[in-house]
Amino acid sequence: MVSFPQKEHYDLNDFRQVIAILRHPGGCPWDQAQDHHSIRRNFIEEVYEACEGIDNDDPVLLREELGDVLMQVLFHASIEEDAGRFDIDDVADQAVKKLIFRHPHVFGTVDVSGTEEVLTNWDQLKRQEKHQESYTDTLDAVARTLPALWRAEKVQKKAAKAGFDWQELDGPLDKIREETDELQAAAQGEGNPAEELGDLLFAVVNAARKLELDPEDALNAATEKFIARFRRVEELAPSDMTTLPLSTLEALWQQAKSQEEPHEQD
């Protein structure tokens, strides 16, 4: 049994100590067995759950989930501290230095006219900091672990800063039509379907960017709409859906769609 002080209110130092206790002899066998890779997915899931607190404007949930995210940060730092490579104070040190370096308009003598100039300077300082000597370097530095739609969007935004971008929405819309035709041809044996599907999705992300829409949000909204309509189809079905022909299911789908509010039928 580990002796740990009971308090009315714990702080960040207490949090760090609890993680250290759990990960060392006398603590929790499960925590002691983990490494970076075994809890990698946990880290990702906790960030998404924190985002749910933001999306729902739920400060109680957000506080809880930020604690879970912070636990992951402390856990990974504790693993590295045991390995002798760095600890959480080194993480804080590097983060603070980065923020000071990238905010010369706050901590230095640089004057800025507004947020646009702040972002321009930020990009320039980041390239300097990361030793990115070409525009391609900035594209290649976009994390490959991002959701694919977000990664495509971010790569496209960086390419646009080099002038490689359509000026109007017609460009990506024409590209969508072109890639759709190529995907259809590939599906019939005249190409690589996976490659053509990727090209089509990339073009769709470009259109989303031109419309100033988040492609992840748009796809999630479409998925939610599909679930709602599917639920209504199942409610309307006279028997088990699997026993009905597709033509009947399609008719029920149209019926479900007609029962929605006008803005939901898009």
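For the structure itself, look to the data block above.
These remarks concern the structure in this document. (Residues numbered from 1 in each chain as written. Predicted model: local features only at pLDDT ≥ 70, side-chain atom pairs only at ≥ 80, totals over all residues. Heavy atoms only, no water.)

Focus on the side chain of Gln156
Here is the rule: Each helix is a run of DSSP H or I of at least 4 residues and each strand a run of E of at least 2, with the numbering of both proceeding from the N terminus. For the exposure calls, accessible area comes from a 1.4 Å probe over protein chains only, and a residue counts as buried if that area is under 20% of its type's maximum, exposed if over 50%, partly exposed in between. By definition in these notes, contact holds between two residues if any of their heavy atoms fall within 4.5 Å.
Structurally, Gln156 is set in helix α9 (residues 148-160). Residue classification places Gln156 among the buried positions, given a relative accessible area of 4%. Leaving out residues up to four positions away in the same chain, Gln156 has contacts with Phe202, Val205, Asn206 and Arg209.

Side note on the layout of surface pockets
Inclusion rule: The method works on a 1 Å grid over the protein atoms by themselves. A cavity is a set of points holding a 1.4 Å probe that cannot get out, a pocket is an open set with protein on both sides within 12 Å along at least five of seven lines, and residues with an atom within 4 Å of a point line them. Grid points are joined across faces, edges and corners, and a volume is the space filled by probe spheres set on the points. Polar here means any residue outside two lists: the nonpolar Ala, Val, Leu, Ile, Met, Phe, Trp, Tyr, Cys and Pro, and the charged Asp, Glu, Lys and Arg; Gly therefore counts as polar.
In this model, the largest pocket occupies a volume close to 290 Å³. Forming the boundary of the largest pocket are 14 residues, of which Gln156, Phe164, Trp166, Phe202 and Asn206 lie nearest the centre. When residues in the lining of the largest pocket are grouped by element, the largest group, five residues, is from helix α11 (residues 193-210). A class-by-class count of the residues in the lining of the largest pocket yields seven nonpolar, two polar and five charged.

Section: a negative patch on the surface
Our working definition: Surface patches are drawn from residues lacking salt bridges whose relative accessible area is over 30%; two like charges belong together within 9 Å, two nonpolar side chains (Val, Leu, Ile, Met, Phe, Trp, Tyr) within 5 Å. Residue exposure ignores everything except the shown protein chains as possible cover, and the areas themselves are Shrake-Rupley values with a 1.4 Å probe. Every case where a carboxyl oxygen of Asp or Glu lies within 4 Å of a side-chain nitrogen of Lys or Arg is listed as a salt bridge. By the counting scheme adopted, Arg and Lys are positive, Glu and Asp are negative, and His together with the chain ends is not counted. For the purpose of locating charges, the reference atoms are NZ of Lys, CZ of Arg, CG of Asp and CD of Glu.
On the surface, a cluster of negative charge is made up of Glu49, Glu52, Asp55, Glu64 and Asp217. Residue placement: Asp217 occurs in helix α12 (residues 215-236). Among the residues examined, Asp217 registers a relative accessible area of 47% and is labelled partly exposed.

Description of the environment of Gly191
For Gly191, the location among the structural elements is in the loop between α10 (170-187) and α11. When its relative accessible area of 45% is taken as the criterion, Gly191 is described as partly exposed. Remark: the alpha-carbon pair of Gly191 and Ala159, spanning 32 residues in sequence, is separated by 27 Å.

A word on α12
Definition in use: Each helix should span, by expectation, one fewer than its residue count multiplied by 1.5 Å. Each C-beta atom gives one direction from the helix axis, and the arc is the one those directions make. Identification of polar contacts relies on pairs of N or O atoms within 3.5 Å, with a donor-acceptor requirement for protein atoms, meaning one able to donate a hydrogen and the other able to accept it, and with residues adjacent in sequence counted only if both atoms are side-chain atoms.
Between its terminal C-alpha atoms α12 stretches 31 Å, which fits the 32 Å expected from 22 residues at 1.5 Å a residue. Regarding α12, the residues found buried are Pro215, Glu216, Arg229 and Val233. Buried residues of α12, seen end-on, are gathered within an arc of 155° and therefore sit on one face of the element. Across α12 from its buried face, at more than 90 degrees, point the exposed residues Glu224 and Glu235. Those residues of α12 hidden inside the fold are in contact with α9, α11 and α13 (246-258). Where α12 begins, one side-chain oxygen reaches toward the backbone nitrogen of Glu216, 2.8 Å away; that side chain belongs to Asp214.

Observations regarding the environment of Asp140
Summarising the element assignment, Asp140 is placed in helix α8 (residues 135-140). Separated by 18 residues in sequence, Asp140 and Lys158 have C-alpha atoms that sit 10.0 Å apart.

A look at unusual backbone geometry
Keep in mind that most residues, glycine aside, have a negative phi and that most peptide bonds are trans. Of note in the backbone geometry, Asp57 takes a positive phi value of approximately 50° without being a glycine. Given the relative accessible area of 68%, Asp57 is considered exposed. Positive phi, close to 55°, is recorded for His131, a residue that is not glycine. Following the sequence through the fold, His131 ends up in the loop between α7 (115-129) and α8.

Considerations on the nonpolar core
Here is the rule: The term nonpolar core refers to a set of buried residues drawn from Ala, Val, Leu, Ile, Met, Phe, Trp, Tyr and Cys, joined through side-chain atoms within 4.5 Å.
Val233, Ala237, Met241, Leu244, Leu249, Leu252, Trp253 and Ala256 together form the largest nonpolar core, which totals eight residues. Here the element with the most residues in this core is α13; it accounts for four residues. Once residues within four sequence positions are removed from consideration, Ala256 is found in contact with Arg229, Arg232, Val233 and Leu236. Ranked by size, the runner-up nonpolar core spans seven residues in total, among them Ile19, Ile39, Ala77 and Ile88.

Considering α13
An ideal rise of 1.5 Å per residue puts 18 Å on 13 residues; α13 measures up with 18 Å between its terminal C-alpha atoms. Of the residues making up α13, those classed as buried are Leu249, Leu252, Trp253 and Ala256. Along the axis of α13, the buried positions cluster into a sector of 105°, meaning they face one direction only. Exposed side of α13, more than 90 degrees from the buried face: Ser247 and Ser258 are the residues found there. Lining the buried residues of α13 we find α12.

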